[in-house]
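# Structure assessment
Next come the chains, spelled out residue by residue.
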Amino acid sequence: TGLLMEQFPVVTILFCSFDKEAVKECLRAHDAEHFLTLLSTMVIEFDILLENNNLYKLENVGSDYIVTSSVITWGASESHPDTHERRVKDAVDLVYMAQQMLMIAMGDEDDELGGGEELDVKVGLHTGPCVGAVAGEQRR
(Lines give C-alpha, C1' and ligand atoms only; values in the text may rest on other atoms or scores of the structure.)
Protein backbone atom coordinates (compact mmCIF):
# COMPACT_ATOMS: atom_id res chain seq x y z
CA THR A 1 0.00 0.00 0.00
CA GLY A 2 1.49 3.27 -1.13
CA LEU A 3 0.57 6.71 0.07
CA LEU A 4 -1.70 8.57 -2.35
CA MET A 5 -0.35 12.11 -2.15
CA GLU A 6 -0.16 15.21 -4.33
CA GLN A 7 1.84 18.42 -3.90
CA PHE A 8 1.24 21.81 -5.51
CA PRO A 9 3.60 24.79 -5.23
CA VAL A 10 0.77 27.38 -5.22
CA VAL A 11 -2.93 26.77 -4.67
CA THR A 12 -5.69 29.08 -3.49
CA ILE A 13 -8.16 27.44 -1.13
CA LEU A 14 -11.53 28.81 -0.02
CA PHE A 15 -12.89 27.60 3.31
CA CYS A 16 -16.55 28.21 4.12
CA SER A 17 -18.07 27.10 7.41
CA PHE A 18 -21.61 27.64 8.57
CA ASP A 19 -21.59 29.24 12.00
CA LYS A 20 -22.27 26.45 14.51
CA GLU A 21 -24.41 28.68 16.74
CA ALA A 22 -26.56 29.77 13.77
CA VAL A 23 -27.03 26.11 12.86
CA LYS A 24 -28.10 25.31 16.44
CA GLU A 25 -30.48 28.29 16.47
CA CYS A 26 -32.05 27.20 13.17
CA LEU A 27 -32.51 23.67 14.53
CA ARG A 28 -34.11 25.04 17.73
CA ALA A 29 -36.55 27.15 15.70
CA HIS A 30 -37.33 24.58 12.97
CA ASP A 31 -37.29 20.86 12.38
CA ALA A 32 -34.32 19.03 10.85
CA GLU A 33 -35.99 18.80 7.43
CA HIS A 34 -36.29 22.61 7.24
CA PHE A 35 -32.63 23.05 8.16
CA LEU A 36 -31.44 20.41 5.69
CA THR A 37 -33.57 21.97 2.93
CA LEU A 38 -32.05 25.38 3.68
CA LEU A 39 -28.52 23.92 3.75
CA SER A 40 -29.10 21.96 0.53
CA THR A 41 -30.46 25.03 -1.26
CA MET A 42 -27.40 27.04 -0.27
CA VAL A 43 -24.95 24.29 -1.26
CA ILE A 44 -26.65 23.93 -4.65
CA GLU A 45 -26.21 27.67 -5.20
CA PHE A 46 -22.57 27.39 -4.12
CA ASP A 47 -22.10 24.51 -6.58
CA ILE A 48 -23.50 26.66 -9.41
CA LEU A 49 -20.94 29.36 -8.57
CA LEU A 50 -18.27 26.67 -8.57
CA GLU A 51 -19.19 25.45 -12.05
CA ASN A 52 -19.47 28.96 -13.46
CA ASN A 53 -15.93 29.75 -12.27
CA ASN A 54 -14.32 26.43 -13.29
CA LEU A 55 -13.12 25.74 -9.75
CA TYR A 56 -12.88 22.45 -7.83
CA LYS A 57 -14.99 21.45 -4.82
CA LEU A 58 -12.59 19.58 -2.64
CA GLU A 59 -15.04 18.69 0.07
CA ASN A 60 -18.51 19.35 1.44
CA VAL A 61 -18.83 17.73 4.85
CA GLY A 62 -21.71 18.72 7.09
CA SER A 63 -21.48 22.45 7.48
CA ASP A 64 -18.06 22.91 5.84
CA TYR A 65 -17.50 23.63 2.15
CA ILE A 66 -13.96 23.70 0.69
CA VAL A 67 -13.04 24.87 -2.83
CA THR A 68 -9.64 25.02 -4.51
CA SER A 69 -8.18 26.63 -7.57
CA SER A 70 -8.37 24.81 -10.89
CA VAL A 71 -4.79 23.46 -10.73
CA ILE A 72 -6.14 20.72 -8.43
CA THR A 73 -8.51 19.59 -11.18
CA TRP A 74 -6.08 19.42 -14.07
CA GLY A 75 -2.62 19.67 -12.61
CA ALA A 76 -0.13 21.38 -14.83
CA SER A 77 -0.31 20.29 -18.45
CA GLU A 78 0.21 21.73 -21.91
CA SER A 79 -3.50 22.46 -22.25
CA HIS A 80 -3.70 23.99 -18.75
CA PRO A 81 -0.25 25.28 -17.78
CA ASP A 82 0.30 26.31 -14.17
CA THR A 83 1.16 29.93 -14.91
CA HIS A 84 1.19 33.07 -12.79
CA GLU A 85 -1.77 34.38 -14.81
CA ARG A 86 -3.79 31.23 -14.11
CA ARG A 87 -3.00 31.41 -10.40
CA VAL A 88 -4.09 35.07 -10.26
CA LYS A 89 -7.30 34.35 -12.20
CA ASP A 90 -8.16 31.46 -9.85
CA ALA A 91 -7.49 33.63 -6.78
CA VAL A 92 -9.67 36.44 -8.14
CA ASP A 93 -12.42 33.92 -9.01
CA LEU A 94 -12.28 32.55 -5.46
CA VAL A 95 -12.52 36.04 -3.93
CA TYR A 96 -15.55 36.69 -6.15
CA MET A 97 -17.04 33.33 -5.14
CA ALA A 98 -16.50 34.15 -1.44
CA GLN A 99 -18.40 37.43 -1.88
CA GLN A 100 -21.25 35.64 -3.66
CA MET A 101 -21.38 32.94 -0.98
CA LEU A 102 -21.78 35.60 1.71
CA MET A 103 -24.62 37.20 -0.24
CA ILE A 104 -26.36 33.83 -0.69
CA ALA A 105 -25.98 33.08 3.02
CA MET A 106 -27.59 36.43 3.93
CA GLY A 107 -30.84 35.17 2.43
CA ASP A 108 -33.42 36.78 0.18
CA GLU A 109 -36.96 37.82 1.01
CA ASP A 110 -38.13 36.15 -2.21
CA ASP A 111 -36.26 32.86 -1.81
CA GLU A 112 -38.15 29.59 -1.98
CA LEU A 113 -37.92 29.10 1.77
CA GLY A 114 -39.48 32.51 2.40
CA GLY A 115 -38.71 35.08 5.04
CA GLY A 116 -35.15 35.81 4.02
CA GLU A 117 -33.82 33.27 6.50
CA GLU A 118 -30.07 33.23 6.75
CA LEU A 119 -27.31 31.06 8.10
CA ASP A 120 -24.19 32.92 9.14
CA VAL A 121 -21.05 31.71 7.39
CA LYS A 122 -17.37 32.29 7.85
CA VAL A 123 -15.33 32.42 4.65
CA GLY A 124 -11.55 32.47 4.42
CA LEU A 125 -8.94 32.18 1.69
CA HIS A 126 -5.40 30.87 1.73
CA THR A 127 -2.82 30.95 -1.06
CA GLY A 128 0.40 28.99 -0.84
CA PRO A 129 1.89 25.54 -1.10
CA CYS A 130 -0.50 22.63 -0.61
CA VAL A 131 0.00 18.95 0.12
CA GLY A 132 -2.94 16.58 0.12
CA ALA A 133 -3.12 12.90 0.85
CA VAL A 134 -5.72 10.19 1.20
CA ALA A 135 -5.63 8.37 4.51
CA GLY A 136 -6.38 4.71 4.05
CA GLU A 137 -6.65 2.84 0.78
CA GLN A 138 -9.76 4.29 -0.86
CA ARG A 139 -10.54 7.81 -1.96
CA ARG A 140 -14.29 7.47 -1.35
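Residues numbered from 1 in each chain as written. Predicted model: local features only at pLDDT ≥ 70, side-chain atom pairs only at ≥ 80, totals over all residues. Heavy atoms only, no water.

The number of helices and strands found in the protein chain is 4 helices and 4 strands. Counting from the amino terminus, the protein chain carries its helices and strands in the arrangement β-α-α-β-β-α-α-β. Each of the 140 residues in the protein chain was classed as buried or not, and the buried ones make up 34%. Expressed as a percentage of contacts within the protein chain between residues at least 6 apart in sequence, the contacts between residues at least 24 apart total 68%. Approximately 8,800 Å² of the protein chain is accessible, and the part contributed by carbon and sulfur atoms is 54%. (Helix = DSSP H or I, 4+ residues; strand = E, 2+ residues; numbered from the N terminus. Buried < 20%, exposed > 50% of the residue type's maximum accessible area, 1.4 Å probe, protein only. Contact = heavy atoms within 4.5 Å. Areas by Shrake-Rupley, 256 points an atom, 1.4 Å probe, with all protein chains shown as cover.)

The residue I104 is located in helix α4 (residues 84-105) in this model. Since its relative accessible area comes to 19%, I104 is described here as buried. On a C-alpha basis, the gap between I104 and M42 in space is 6.9 Å, while along the polypeptide they are 62 residues apart.

Judged by pairing direction, the sheet is antiparallel, and its 4 strands sit side by side in the order β2-β3-β1-β4 without closing on themselves. Strand pairing shows two members of the sheet lacking a second neighbour, β2 (56-61) and β4 (121-134), which therefore form its edges. Pairs of neighbouring strands in the sheet enclose a mean axial angle of 25°, with direction left out of account. Where strand β1 (residues 4-18) and β4 come together, 13 bridges link them in antiparallel fashion. The residue of β4 that forms the bridge with I13 is H126. Set on the sheet, α4 makes contact with β1, β3 (64-68) and β4; between it and β1 the angle comes to about 20°. (Pairing = 2+ DSSP bridges. Axes fitted to C-alpha atoms, helices over the stretch in contact; angles between N-to-C directions.)

Judged by nonpolar contacts, the single largest core of 25 residues is most densely connected at Y65 and M97. The biggest single contributor to this core is helix α2 (residues 32-52), with 8 residues. Discounting residues that sit within four places of it in the chain, M97 has contacts with L14, F46, L49, L50, L55, Y65 and V67. With 6 residues, the next largest nonpolar core counts F8, V11, V71 and C130 among its residues. (Core = buried A, V, L, I, M, F, W, Y, C linked by side-chain atoms within 4.5 Å.)

For the pair helix α1 (residues 20-29) and α2, interaxial distance at closest approach is 8 Å and the crossing angle is 135°. Taken together, the axes of α1 and α2 lie oblique to each other. In terms of crossing hand, the pair formed by α1 and α2 is right-handed. Seen from α1, the contacting residues are V23, C26 and L27; seen from α2, they are A32, H34, F35 and L38. Here the contact of α1 with α2 is composed, by residue class, of 6 nonpolar, 1 polar and no charged. (Parallel < 35°, antiparallel > 145°, perpendicular 65-115°, else oblique. Left-handed = near helix turned anticlockwise from the far one by under 90°. Nonpolar A, V, L, I, M, F, W, Y, C, P; charged D, E, K, R; others polar.)

Before going further, it helps to spend a moment on the pattern of salt bridges. Under the defined criterion, the tally for this structure stands at 6 salt bridges. The shortest N-O distance in the salt bridge between E21 and K24 comes to 3.5 Å. You can see E21 and its partner K24 sitting in helix α1, 3 residues apart, about one turn around the helix. With relative accessibility at 48%, the residue E21 sits in the partly exposed group. (Salt bridge = Lys/Arg side-chain N within 4 Å of Asp/Glu carboxyl O.)

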